[in-house]
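# Architecture and fold: a report
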Amino acid sequence: MATTPSQASLLLQKQLRDLSKNPVDGFSAGLVDDSNVFEWQVTIIGPPETLYDGGYFNAIMTFPQNYPNSPPSVRFTSEMWHPNVYPDGRVCISILHPPGEDPNGYELASERWTPVHTVESIVLSIISMLSSPNDESPANIEAAKDWREKRDEFKKKVRRLVRKSQEML
């Protein structure tokens, strides 16, 4: 008996088709492996007029089987220096946190994951995060300290990463 594709895989296939037909400025996305619609390769172009301007940053977006009820995880595979990116590359922004009340009380339920988010809205949120770091609850404490206390040092590290990302092309 043949299995039918899951709702999650059908939705992800539709989002992939939509992005292929109507690319969005600032990033490109596609499957890591054509046989797995649950794992995407995303390249984010550093937003203009930010410290990341001109950089090309790769990330893997991994979707759960119950997407869109639960958020994907996003991890930069390119080196990244940012208060909201863990040292291992995992992105920490509110919309990627599970839906509902925040057990730590930092976020409103309305700021967390909701099933209306798409690949496009997630990546645009990450681009926005690159433009304006939130150092109030950092994922990378060292980057947040540099951002707050040693801005010149922070800028130097990011410029180095931008150059490195350009050399990888």
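The sections below set out a description of the structure shown in this document. (Residues numbered from 1 in each chain as written. Predicted model: local features only at pLDDT ≥ 70, side-chain atom pairs only at ≥ 80, totals over all residues. Heavy atoms only, no water.)

### Examining the pairing of strand E3 (residues 56-62)
By the bridge criterion, seven bridges tie strand E2 (residues 36-45) to E3 in an arrangement that is antiparallel. The residue of E3 that forms the bridge with Glu 39 is Thr 62. Inspection of the sheet shows E3 paired to strand E4 (residues 73-76) by four bridges, in the antiparallel sense. What sits directly across from Ala 59, in E4, is Phe 76. (Pairing = 2+ DSSP bridges. Helix = DSSP H or I, 4+ residues; strand = E, 2+ residues; numbered from the N terminus.)

### Brief notes about the packing of aromatic side chains
With the rule as written, the count across this model stands at five aromatic pairs. Between the aromatic rings of Tyr 52 and Phe 57, the centroid separation amounts to 6.0 Å while the plane-to-plane angle is 75°, which identifies the pairing as edge-to-face. Across the pair, Phe 57 and Tyr 52 agree in class, each one buried. Their ring planes at 70° and their centres at 5.1 Å tell us that Trp 147 and Phe 154 sit as a pair that is edge-to-face. There is no split in this pair, since Trp 147 and Phe 154 are both buried. Through pairs of rings, three or more aromatic residues link up here, namely Trp 40, Phe 63, Tyr 67 and Trp 113. Looking at Arg 90, its charged tip hangs above the ring of Tyr 86, at a distance of 4.1 Å from the centre. (Phe/Tyr/Trp six-rings, centres within 6.5 Å; stacked < 30°, edge-to-face > 60°. Buried < 20%, exposed > 50% of the residue type's maximum accessible area, 1.4 Å probe, protein only. Lys NZ or Arg CZ within 6 Å of the ring centre and 35° of its normal.)

### Details of the packing of helix H3 (residues 141-149) against helix H4 (residues 151-167)
If you want to describe how two helices pack, look at the angle between their axes and the distance between the axes. With their axes 5 Å apart at the nearest point, H3 and H4 run at an angle of 125° to one another. It follows that H3 is oblique to H4 by the angle criterion. Here H3 contributes Ala 143, Asp 146, Trp 147 and Glu 149 to the contact with H4, which in turn contributes Arg 151, Glu 153, Phe 154 and Lys 157. Classifying every residue of the contact of H3 with H4 by side-chain character gives three nonpolar, no polar and five charged. (Axes fitted to C-alpha atoms, helices over the stretch in contact; angles between N-to-C directions. Parallel < 35°, antiparallel > 145°, perpendicular 65-115°, else oblique. Contact = heavy atoms within 4.5 Å. Nonpolar A, V, L, I, M, F, W, Y, C, P; charged D, E, K, R; others polar.)

### Notes on the pattern of salt bridges
This model, assessed by the stated rule, comprises nine salt bridges. Note that Lys 14 and Asp 18 form a salt bridge whose closest N and O atoms lie 2.7 Å from each other. You can see Lys 14 and its partner Asp 18 sitting in helix H1 (residues 7-21), four residues apart, about one turn around the helix. Overall, the relative accessible area of 32% leaves Asp 18 in the partly exposed class. Taking the shortest distance from any N to any O, the salt bridge between Asp 146 and Lys 150 comes out at 3.8 Å. Its relative accessible area of 4% is what places Asp 146 among the buried residues. A cluster of three or more residues bridged by salt bridges with shared partners is formed by Asp 102, Glu 107 and Arg 112. (Salt bridge = Lys/Arg side-chain N within 4 Å of Asp/Glu carboxyl O.)

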